[in-house]
Amino acid sequence: MTNRERALKAAISLLATGGVRALTHRRVDVRAGLPDGSTSNYFRTRSALFQGVTGYMVTVELPVVASRTSPASAQEFIDGLVDLYGFLTGSNREMTAARLALFVEASHDDELRALLAEGRSRLLTTLRSQFVALGAPDPDLATQLLAVCFEGLFLHDIAGHDDIDARSVLDAIVRASLR
């Protein structure tokens, strides 16, 4: 693992555990076990650090999304989405929590909002192609419904709210979108 990647993983960890205010170049160096100034050598500004983090998230998650959502049937798509949800709230939970922290910050940071929207768009393109392959009458609406649902489920899961049966929710959305 490169020092740049160590810095990105440390930044994600800081975002997940302390929110955006916890994210400083110095704290990233300490969390990653890097010499002082290392993170700022890779990411000169806070904005550059946000850009690096969001890009890294897409790089890590896009192949997982694609591998778990290549269905031959609606049931396979649902099973893949449930598996993807399990990954994003299980072994990849820290990255999901970091993304939620970035979502909140993006509400008043236009540049960060644009970075997140770009990454989200790449993920949605993958999901949309699956709805098209399954014959959804309105794949754009189906994709938006699924994305909003996933984001709501993440919020409830990460915040420790209701114990929601993700399979039932995702099943209902996919089946309704394919009618």
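Residues numbered from 1 in each chain as written. Predicted model: local features only at pLDDT ≥ 70, side-chain atom pairs only at ≥ 80, totals over all residues. Heavy atoms only, no water.

Engineer: Just to check I follow, could you spell out the nonpolar core for this structure?
Structural biologist: One recurring pattern in soluble globular proteins is that nonpolar side chains are buried together. Within the largest apolar cluster, 28 residues are counted, with the highest numbers of intra-cluster contacts made by Leu81, Leu84, Tyr85, Phe131, Leu146, Phe150 and Leu170. Elements supplying a minimum of two residues to this core: helix 4 (46-68), helix 5 (74-89), helix 7 (110-133), helix 8 (139-159) and helix 9 (166-178). If near-sequence neighbours (up to four positions away) are discounted, Leu146 is found in contact with Phe77, Leu81, Leu127, Phe131, Leu170 and Ile173. Residues Leu49, Phe50, Ala101 and Leu112 belong to the second largest nonpolar core, which totals 26 residues. (Core = buried A, V, L, I, M, F, W, Y, C linked by side-chain atoms within 4.5 Å. Buried < 20%, exposed > 50% of the residue type's maximum accessible area, 1.4 Å probe, protein only. Helix = DSSP H or I, 4+ residues; strand = E, 2+ residues; numbered from the N terminus. Contact = heavy atoms within 4.5 Å.)

Engineer: Whenever I open this one, the pattern of salt bridges confuses me. Can you help?
Structural biologist: Any two side chains of opposite charge can pair if their charged atoms end up close together. Taken as a whole, this structure holds nine salt bridges when the rule is applied. Lys9 is paired through a salt bridge with Glu5; the nearest N and O atoms lie 4.0 Å apart. In this pair, Lys9 and Glu5 are both assigned in helix 1 (residues 3-18), four residues apart and thus about one turn of the helix distant. Lys9 sits in the partly exposed class, given a relative accessible area of 36%. (Salt bridge = Lys/Arg side-chain N within 4 Å of Asp/Glu carboxyl O.)

Engineer: Sorry if this is basic, but what is going on with the packing of helix 5 against helix 8 here?
Structural biologist: To characterise two packed helices, one gives the angle between the axes of the helices and the distance between these axes. Two elements in contact, helix 5 and helix 8, have axes separated by 11 Å at closest approach and are oriented at 35°. In terms of crossing hand, the pair formed by helix 5 and helix 8 is right-handed. Residues Phe77, Leu81, Leu84, Tyr85, Leu88 and Thr89 of helix 5 form the contact with helix 8, whose participating residues are Leu146, Phe150, Leu153, Phe154 and Asp157. Tallied by class, residues from the contact of helix 5 with helix 8 come to nine nonpolar, one polar and one charged. (Axes fitted to C-alpha atoms, helices over the stretch in contact; angles between N-to-C directions. Left-handed = near helix turned anticlockwise from the far one by under 90°. Nonpolar A, V, L, I, M, F, W, Y, C, P; charged D, E, K, R; others polar.)

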